[in-house]
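Descriptive analysis of the structure
Here is how the chains run, residue by residue.
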Amino acid sequence: MQIRSSQLLVNDDGNIIMGTGRMTILETLDRTGSINKTAKELNMSYKTVWSKIKSTEENFGKAVVLADRKKGTRLTSEGRSLLETYRELKQRCIREDDRIFDEIFQKKNPDHL
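Just so it is clear, the structure is predicted and the values come from calculations on it, not from any experiment.

As for the side chain of lysine 90
Here lysine 90 is to be found in helix α4 (residues 77-108). For the buried lysine 90, no salt bridge is present, and the opposite-charge side chain at shortest range is aspartate 97, 8.2 Å distant. Sequence-distant contacts of lysine 90, defined by excluding residues within four places in its chain, comprise Ser5, Gln7, Thr20 and Met23.

Structure follows, in structure tokens:
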């Protein structure tokens, strides 16, 4: 038995700024430099990827990508910071979740884990 938790970063109105899916989009975009390549790699439509990015920007209140027809698309400094901070949050939450899970379930079922 294992625990799988999910972390959603939301604004004060409860609108999603970042989650695992959006993290994957920004990571892929950072690597490919292209919304189109990102969409293809993630088996998503261009419109879906662009909509997720725009929603993140609206809910975050800052631009996270800079699209340029000649230079491609790249993360802004705010976008990179958001991505890195979210990654750290997610990693720390997972470690803490695992610690709590082990503590609780080892106490209750030491022979079954």
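Still to come is the rest of the account.
Overview of the environment of glutamate 58
Turning to its location among the elements, glutamate 58 is positioned in helix α3 (residues 46-60). Using a relative accessible area of 67% as the deciding quantity, one classes glutamate 58 as exposed. In sequence terms glutamate 58 and threonine 24 are 34 residues apart; their C-alpha atoms lie 18 Å from each other.

Re helix α1 (residues 20-32)
Between its first and last C-alpha, α1 extends 18 Å over 13 residues, near the 18 Å set by a 1.5 Å rise per residue. Arg22, Met23, Ile25, Leu26, Thr28, Leu29 and Thr32 are the residues of α1 that are buried. Positive phi appears at glycine 33, one or two residues downstream of α1, with a value of about 70°.

Calculation criteria
- Residues numbered from 1 in each chain as written.
- Predicted model: local features only at pLDDT ≥ 70, side-chain atom pairs only at ≥ 80, totals over all residues.
- Heavy atoms only, no water.
- Helix = DSSP H or I, 4+ residues; strand = E, 2+ residues; numbered from the N terminus.
- Buried < 20%, exposed > 50% of the residue type's maximum accessible area, 1.4 Å probe, protein only.
- Lys, Arg positive; Asp, Glu negative; His and termini not counted.
- Salt bridge = Lys/Arg side-chain N within 4 Å of Asp/Glu carboxyl O.
- Contact = heavy atoms within 4.5 Å.
- Expected span 1.5 Å × (residues − 1).

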